[in-house]
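What follows is each chain in one-letter form.
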Amino acid sequence: MRLSSFWRAESDARNVLFFLPAAILLGLVVVYPILRTTILSLFHLKLATQFQAEFAGPENFVRLLFDSRFHNSLKVTGLFTAVSVALEFGIGLLLALAANALVHGKGLVRTVLLVPWTLPTAIIAVLWTWIFNDQYGVLNALLMKTGITTEAIPWLAGPHTAMAAIIMADVWKTVPFVFPVLLAGLQNVPRELHEAIEMDGGGAWAKFKYVTWPHLLPFVFISIIFRIIQAFAIFDLVYVMTGGGPGGGTETVSLYSYQTYMRYLDFGYGSTLVVATVLILALTAFVLHTFLHRRYERQF
Amino acid sequence: MSATAFLALLLISLAGPSSVQDEFLTVLMEPDGTGVWRDLVFRFNREHPGPAVHLIEGPPATNTREDMYTTSFLSGGASYDIVYCDVIWIPKFVAAGWLLDLSDLISEQDRADYLPVELRAGSYQGRLYRMPAFTDAGVLYYRKDLVAHPPETFDELMQIALRLKTNDRWGLLWQGKQYEGLITVYLEVLWGHGGEWIDDESRKVLLGSPEAIRALEFLKATIGTVSPPAVTTYIEEDTRSIFQNGRAVFLRNWPYVWTLIQRRGGPMKDQISVVPMVHAPRHSSAATLGGWGFAISKFCPNPQRAWQFVQFLTRPEQLRAVQQRQGRIPSRRNLIPAEFLSILDSARMRPRIPEYAQASDILQRWLSAALTGQVTPEEALREAARETQLLLAS
């Protein structure tokens, strides 16, 4: 076979060759770290072992079962993920519906709403820390001026208010991610179907329920799954705003794994934390996928 | 891009840095707000021919710089040749084998000139790994226009703070956020009650004592009474700005506050004085030792040059230059202001164990949980003691 016809023919060998560079790159930066982390989770490798790997079997995972700090961080991460993703989805959907109804200025609205998403999270975290400051923060000033409270609330001082503060900052930052995804979905909804429902005498709710929502489902799935994965790995906001405090009340799993790796130099157990987190996340994604996908299939 | 070209690029990028790095050395420092480090590094390079030293300004959070060093050491590369080293990093960095032994390099004259506690703090198992540069110790500032006789005991401090507190002036400020600063504050109160955290030698955890509980109860009792409810979110600069605006009677902080207030003048200049931290009756005051010095990375390709640089920076004239512009207090005895000499001289070290970072995090979390009312002080210290004992036994 001549070389030029090799490139043109639909052959398996050619396709594999095209795929190879990407596969090598992915192998280096994705597959290798995953394998190494998984293997490390079965070893003791830390300062106390002079950074020599000693086979541990399931010991690290047993430790995980009885590690109250891990349980607490899992609870914190779960709560953060559930509340922030729910709020972001709700607000994002309302905004997308409103923006989709606009005749003029849709592009402008989309651009303006995107701004928080483009800012670096660490900087946003510092800004929100100032907003929540008890002495000179603008939030307390507003609450007191409008008479909602009489005394300044030390937002970051209590575990619940600190969690609320972090969620608020996260919602502000990530609604702009959910919003355009859902807006794109809305723009895909065929107008004829809406008109058909109008002819049948259906109202706005019927339109949403029977036409908009089913068409939106794939976009809902994408935005929610992305947000859950991102929220579950939340690090920078917490690291800057509270450092996991007070009393570990906002310490997320990724913060704990980071500390175990970087500050305690315990790579074996740090890997175990990461592997456990990934497994939990994969399970969540799987359940969500099956659930949403079935509904989607049933609709059509 | 073809696969070959891509692979070639990849190989070049993997092989790149080593050949370049031998030609100069790097030192990672704090952000150089005053420009004094830039000036000193420039002078060193001009006056001492040889491979140049490059100054890298790191982030202000010391934890983050610790992590940057750790990442660089773990990769085995010499990203940073000279380490601007916090006193609490020594056991970990040395146990990991990342620092050069400087014991035989330091001169007898220097040994005699530095505060003994600083030399001990820079050593691990009898060998010196860090040249001291600047010393810190916790002190108590007070408004001498309001307080005629500064308090000596915790009870006196509480009474005076309560009496002088007004609607827009707090009684006492300290650092209560869940971070290393909270440990330094708690230790001063704990030591002032005659308690201890961890015994270095036996690796026993001593947090179960009544003194430990009393110390934590004292801190907790200040919140909302003489200290703002949000004191559990404050770090050094939060408390300094409130104090410097005249909105507090007492402040626990480090010596730099003194230098800043003296230098900037203003109305506060003549209204502030400084004393050692208070203590319980029949016990004595204690200050937590902090401080900075210079160490050399084991991966440094040119340790002679690095040592030349460290010697240059720790000479009295250089330390004095930093003192004048930054407010830090040098570790050399005859450069220390009279107000601080005895406090610094008797400052105490935090536990000197390789697992320090983890032990500190455990205590930070439980102290913070107790201070924010999630658990009682007894529960917090019992749990902290249990977790720490587990850590040190494993």
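Scroll up for the structure.
As the structure is a computational prediction, the values presented were derived from the model and not from experiment.

Asker: Go over the overall build of chain A, please, and point to the residues and values.
Answerer: Looking only at helices and strands, chain A features 13 helices and 2 strands. Here the C-alpha radius of gyration of chain A, 24 Å, is well above what a compact globule of 300 residues would show, namely 19 Å. Along the three orthogonal principal directions, the C-alpha set of chain A runs to about 85 × 75 × 35 Å. When burial is assessed residue by residue, chain A has 34% of its 300 residues classed as buried. Residue pairs in contact within chain A that sit at least 24 positions apart in sequence constitute 69% of those at least 6 positions apart.

Asker: Talk me through helix H2 (residues 12-40) of chain A; I want residue IDs and the actual numbers.
Answerer: Residues separated by three or four positions in an α-helix point in the same direction, a consequence of the helix having 3.6 residues per turn. Residue and element names in this part refer to chain A. Here H2 contains 29 residues, and its C-alpha end-to-end distance of 36 Å is more than 12% below the 42 Å for a straight helix at 1.5 Å per residue. Bending of H2 peaks at approximately 45° at the position of Gly-27. Among the 29 residues that make up H2, 1 are buried, leaving the element largely open to the surroundings.

Asker: Go over the sheet that holds strand E6 (residues 131-137) of chain B with me, naming the residues and quoting the values.
Answerer: All names here are of chain B. One open sheet accounts for 5 strands, arranged E2-E1-E3-E13-E6; its pairing is mixed. Of all strands in the sheet, those bounded by a partner on one side alone are strand E2 (52-57) and E6. Adjacent strand axes in the sheet meet at a mean angle of 20°, parallel and antiparallel pairs treated alike. By the bridge criterion, 2 bridges tie strand E1 (residues 24-29) to strand E3 (residues 82-86) in an arrangement that is parallel. Residue pairing for E3: Val-27 is matched across the bridge by Ile-82.

Asker: Let's hear about unusual backbone geometry: which residues, and what values?
Answerer: Note the cis peptide between Gly-245 of chain A and Pro-246 of chain A, where omega equals -10°. By the element assignment, Pro-246 of chain A lies in the loop between helix H11 (236-241) and helix H12 (253-263). Even without a glycine there, the phi angle at Leu-265 of chain A is positive, about 55°. Here Leu-265 of chain A is to be found in the loop between H12 and helix H13 (267-299). Not every positive phi belongs to a glycine, and Gln-125 of chain B is a case in point at roughly 50°. By secondary structure assignment, the location of Gln-125 of chain B is in the loop between strand E4 (123-124) and strand E5 (127-128).

Asker: Go over the sheet that holds strand E12 (residues 272-275) of chain B, please, and point to the residues and values.
Answerer: Residues and elements named next belong to chain B. If you trace the 4 strands from one edge of the open sheet to the other, you get E8-E11-E7-E12, paired in mixed fashion. If you trace the sheet from one side to the other, it starts and ends with strand E8 (170-173) and E12, each paired once. When strand polarity is set aside, the average angle formed by the axes of neighbouring strands in this sheet is 15°. Bridge count for strand E7 (residues 139-143) against E12 is 4 bridges, and the pairing is antiparallel. Paired with Tyr-142 across the bridge in E12 is Ser-273.

Definitions and limits used
The numbers attached to residues start from 1 for each chain and follow its sequence in the written order. Going through the entries in the order they are written, you letter the chains from A and number the ligands from 1. With the structure being a predicted model, the display of local features is reserved for residues of pLDDT at least 70 and the display and counting of side-chain atom pairs for 80 or more, all residues being used for whole-chain, interface and lining totals. Helix and strand labels come from DSSP, where a helix needs a run of H or I of at least four residues and a strand needs a run of E of at least two; each type is numbered from the N terminus. Our radius of gyration is a C-alpha quantity, and the globule rule it is checked against amounts to 2.2 Å times the number of residues to the power 0.38. Comment: burial labels come from other C-beta atoms within 10 Å of the residue's own C-beta, placed from the backbone, where a count of 20 or more is buried, 12 or fewer is exposed, and between is partly exposed. Any pair of residues counts as being in contact when their C-beta atoms, constructed from backbone geometry, are within 7 Å of one another. Here a helix's expected span is defined as the number of its residues, less one, multiplied by 1.5 Å. To obtain the bend at a residue, axes are fitted to the seven residues ending there and to the seven starting there, and the angle between these axes is taken. When DSSP finds two or more bridges between two strands, those strands count as paired. Orientation is described by axes fitted as lines to C-alpha atoms, over the contacting stretch for helices, and by angles from 0 to 180 degrees between their N-to-C directions.

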